[in-house]
Amino acid sequence: MRRIAALISLAALVACFAGRVAAAEKKGKLEGFEGEIEKSEPRRHEDGRDHRHDHERRGAGPAGGTEIAAEGFMSVFYSFFLTGLGMTGAVSSKEMYEELKLSESPALPTIKVDASYQYVFDGIHGAAGKVEAGYLMLGAQAEYIRYMEGGARDLDFISGHGLLRTLFAQFLGVNLAMGVKSLKGANWHSGFEFGFPSYIYFTRHLTLDIQPYMAFINGKNVYDITGGLAYKYKAVGARAFYRMIKTGGETIHGPGGGLFIQW
């Protein structure tokens, strides 16, 4: 009996130890994303150059290609924004704004609140809430996202921006967003973010949106790009989208959908 009791005790200790080791070794994708943000800057050569530049000269690979494409998108949307800014200033903004409200157009919302769900292909679930408020060309927006991964640490993204909104031909709107993006996992990380959320208004009911953002956190570029299609009837609407958040070699991406109310 003593031997059996000793064996049972030993088995329990081994199981407990193994469980703790497994828990300590489990590292989710979200933790990996935060770890990418926390990585130190590339080690430099004695002559002052860093290894990252050597890598870029050899070919940046998929990650570098994504960054080049994202920065190209930002340049294109910047050009559209400048065009829209000039055309919006050429008409009476107040008269146009009143006309938009009377026709129930989705452009230049006075207030918009939406809630959404996103499924990330690695078994991660995201829940988000976003608010935009504005009058004429000026506005502000705030967003909170929580990504949840079973058995691993959650990851939160919080952002807030001031908006300079443009609209030309009541068909294309390109906004300039400038503010802060924060990331919270095991630690807080924050940095400056800007973007050009853009909208194509096919009708007063149907809108296509492309929303590219770039943040600078801990010396890293964080790209947040979303494309979506929304249907609005009176003050209520639904939207389907695909969203990608990327930094370095880590990416969170997947489809999603949500509901919104807008005035």
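Residues numbered from 1 in each chain as written. Predicted model: local features only at pLDDT ≥ 70, side-chain atom pairs only at ≥ 80, totals over all residues. Heavy atoms only, no water.

1. So, the pairing of strand E11 (residues 236–247)
Right, so step 1: Note that strand E10 (residues 220–233) and E11 share 11 bridges and pair antiparallel. Opposite Gly 228, over in E11, you have Phe 241 as the bridge partner.
Right, so step 2: Hairpin connection of E10 to E11: 2 residues between the antiparallel strands, including Lys 234 at a positive phi of 55 degrees.
Right, so step 3: Note: E11 against strand E12 (residues 250–262), 12 bridges, orientation antiparallel. In the strand pairing of E12, Phe 241 is matched with Gly 256.
Right, so step 4: Count of turn residues in the E11/E12 antiparallel hairpin: 2 residues, of which Gly 248 carries a positive phi of about 55 degrees. (Pairing = 2+ DSSP bridges. Helix = DSSP H or I, 4+ residues; strand = E, 2+ residues; numbered from the N terminus.)

2. Digging into the packing of aromatic side chains
Right, so step 1: Applying the stated rule across the entire model yields 10 aromatic pairs.
Right, so step 2: A centroid spacing of 6.4 Å and a plane angle of 70 degrees characterise the contact between Phe 171 and Phe 202, whose relative ring orientation is edge-to-face. Separated by 31 residues along the polypeptide, Phe 171 in the loop between strand E4 (155–164) and strand E5 (172–174) and Phe 202 in the loop between strand E8 (198–201) and strand E9 (206–217) bring together distant segments of the chain.
Right, so step 3: Here the aromatic rings of Phe 192 and Phe 194 are separated by 6.3 Å at their centres, their planes lie at 20 degrees, and the arrangement is stacked.
Right, so step 4: In textbook terms, an aromatic cluster arises when at least three aromatic residues are bridged by ring pairs, as seen for Phe 192, Phe 194, Phe 196 and Phe 216.
Right, so step 5: Above the ring of Phe 260, the side-chain terminus of Lys 112 is found at 4.6 Å from the ring centroid. (Phe/Tyr/Trp six-rings, centres within 6.5 Å; stacked < 30°, edge-to-face > 60°. Lys NZ or Arg CZ within 6 Å of the ring centre and 35° of its normal.)

3. Quick notes on helix H5 (residues 93–102)
Right, so step 1: Of all the positions in H5, only Ser 93, Met 96, Tyr 97 and Leu 100 are classed as buried. Viewed end-on, H5 has its buried residues packed into an arc of 100 degrees, placing them on one side of the element. Facing away from the buried side of H5, by more than 90 degrees, are the exposed residues Glu 95 and Leu 102.
Right, so step 2: Glu 104, located one to two residues past H5, shows a positive phi value of around 60 degrees. (Buried < 20%, exposed > 50% of the residue type's maximum accessible area, 1.4 Å probe, protein only. Arc of directions from axis to C-beta.)

4. Side note on the confidence of the model for the chain
Right, so step 1: Averaged over the chain, the pLDDT score is 81; the fraction of residues at 70 or greater is 70%.
Right, so step 2: The model gives residues 10–25 a pLDDT under 50, and that stretch makes 0 contacts with residues more than four places away or in other chains.
Right, so step 3: Overall, residues 52–62 carries pLDDT values under 50, and its contacts beyond four positions in sequence, including any with other chains, amount to 6 contacts. (pLDDT = per-residue confidence, 0-100. Contact = heavy atoms within 4.5 Å.)

5. Focus on the environment of Ala 215
Right, so step 1: Within the secondary structure, Ala 215 is located in strand E9.
Right, so step 2: Ala 215 sits 23 residues away from Phe 192 along the chain, and the two C-alpha atoms are 5.6 Å apart.
Right, so step 3: Aside from chain neighbours lying at most four places away, what touches Ala 215 is Lys 181, Phe 192, Glu 193, Lys 220, Asn 221 and Val 222.

6. So, the side chain of Asn 175
Right, so step 1: In this structure, Asn 175 sits in the loop between E5 and strand E6 (176–184).
Right, so step 2: Of note is the side chain of Asn 175, whose polar atom sits 3.4 Å from the backbone nitrogen of Thr 166. (Polar contact = N/O pair within 3.5 Å; in protein donor to acceptor, adjacent residues only side chain to side chain.)

7. A look at the side chain of Thr 207
Right, so step 1: Within the secondary structure layout, Thr 207 lies in strand E9.
Right, so step 2: The exposure class of Thr 207 is buried, given its relative accessible area of 7%.
Right, so step 3: Excluding anything up to four places from it in sequence, Thr 207 contacts Pro 106, Tyr 199, Ile 200, Tyr 201, Gly 228, Leu 229 and Ala 230.

8. Quick notes on the nonpolar core
Right, so step 1: Phe 33, Tyr 147, Leu 155, Phe 157 and Ile 252 are the most contacted members of the largest nonpolar core, which totals 16 residues.
Right, so step 2: Sort the elements by how many residues they give to this core and helix H2 (residues 29–38) lands first, with 3 residues.
Right, so step 3: One finds Tyr 97, Leu 108, Leu 167 and Tyr 199 within the second-largest nonpolar core, a separate group that totals 8 residues. (Core = buried A, V, L, I, M, F, W, Y, C linked by side-chain atoms within 4.5 Å.)

9. Structural notes on the pattern of salt bridges
Right, so step 1: Within this structure, the stated rule accounts for 12 salt bridges.
Right, so step 2: For the salt bridge of Lys 39 with Glu 36, the shortest nitrogen-to-oxygen distance reads 3.1 Å.
Right, so step 3: Given the relative accessible area of 13%, Glu 36 is considered buried.
Right, so step 4: Salt bridges here are not isolated pairs; linked through shared partners, they connect Glu 143, Lys 181, Glu 193, Asp 224 and Arg 243. (Salt bridge = Lys/Arg side-chain N within 4 Å of Asp/Glu carboxyl O.)

10. With respect to the pairing of strand E1 (residues 111–120)
Right, so step 1: Relative to strand E2 (residues 124–135), E1 runs antiparallel, the two being bridged by 10 bridges. Across the sheet, Tyr 119 pairs through a bridge with His 125, a residue of E2.
Right, so step 2: Here E1 folds back onto E2 in antiparallel fashion, the turn holding 3 residues, of which Gly 123 has a positive phi close to 80 degrees.
Right, so step 3: Pairing of E1 with E12 involves 7 bridges; the strand directions are antiparallel.

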